[in-house]
Amino acid sequence: MHHTDQSDDQYLSPTPVVDSDSEIVMQFASDAIRGESDPAEKAQRLFYAVRDEITYDIRCPFQTREDYRASAVLERRRGLCISKAVLLCAVGRASGIPARLGFANIRNRGASPDLIQIIGSDYFAYHGFTEFHLQGSWIKLTPAFHSDIYERHNIDPVTFDGRHDAVFPSQDRAGNPYVEYLVYHPSRADLPLEEILSEWIAVYGVSRMKSWIRGFL
């Protein structure tokens, strides 16, 4: 039997945010997998389902745990990078794949002027992604962007072969700098929302966060 080097239970069990036992999450996972049994194949199908079927939208509520709950993200069909990472984590667990949440501070040199105006910077604290445990190791998966964003940003889509990390490219198609991963935070079995909000306040300021809340609700 395949074991991870850490407790499987922690990364296979539902949490209030990663609600992998909810009916809508289990159904989405089942529809994506379509009877596939190979873990790497299952992981690929889940990645592409979350990447392409859930719209990336930074103008989503972000200040409560309910805003990120996997079942709520599915009902809304849109979310932030963290929201989509939570959903991918949940459908992974629902499919028997150990999954956890990863976070990094990144610099996105290809961010749109609109996004930079909202954030106030090209520095993104606590960018969220998912990690699946496959074939003995943890693999990073970034399901944030849906397909038309890649064309707008002139970058190659993040693709996943079932074996290697699937993260944002360091350059766009023209060779210009794109995403730089600066700091990785510890991976988590559940969403450390208070920690994330504290970091955002420290980096972006209370007044900017209040303007996000006013603008997104």
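Before any of the text, the structure's been laid out above.
Below is a summary of the structure that appears in this document. Throughout this description, residue numbers start from 1 for each chain and increase along the sequence as written. At least 70 in pLDDT is required for a residue's local features to be given in this predicted model, at least 80 for side-chain atom pairs to be given and counted, and no such filter applies to totals for whole chains, interfaces and linings, which use all residues. Here the side-chain values reflect all heavy atoms present in the structure, with hydrogen atoms and water set aside.

Observations regarding the environment of G175
Put simply, DSSP H or I for four residues or longer makes a helix, DSSP E for two residues or longer makes a strand, and each gets a number counted from the N terminus. Tracing the backbone shows G175 in the loop between α8 (147–153) and β6 (179–188). Each residue gets one of three labels from its accessible area relative to the maximum for its type: buried under 20%, exposed over 50%, partly exposed in between, using a 1.4 Å probe on protein chains only. Classification of G175 by relative accessible area gives partly exposed; the value is 34%. Taking C-alpha positions, G175 is 10.0 Å from N154, a pair spaced 21 residues apart along the chain.

A short note on the sheet that holds strand β4 (residues 123–134)
Each pair of strands is called paired provided DSSP finds at least two bridges between the two strands. Strand order in the open sheet formed by four strands is β5-β4-β3-β6, with antiparallel pairing between adjacent strands. This sheet does not close on itself; its edge strands, each paired only once, are β5 (137–141) and β6. Between one strand and the next, the sheet's axes are offset by a mean angle of 35°, whatever the strand orientation. Bridge analysis of strand β3 (residues 99–108) against β4 gives eight bridges, and the strand direction is antiparallel. In the strand pairing of β4, L101 is matched with T130. Contacts are assigned to residue pairs with any non-hydrogen atoms lying within 4.5 Å of each other. Whenever a helix is involved, its axis is fitted only over the stretch in contact; in every case the axis is a line through C-alpha atoms, and angles between N-to-C directions fall within 0 to 180 degrees. Sitting on the sheet, helix α9 (residues 193–204) touches β3, β4 and β6, and the angle it makes with β4 is about 150°.

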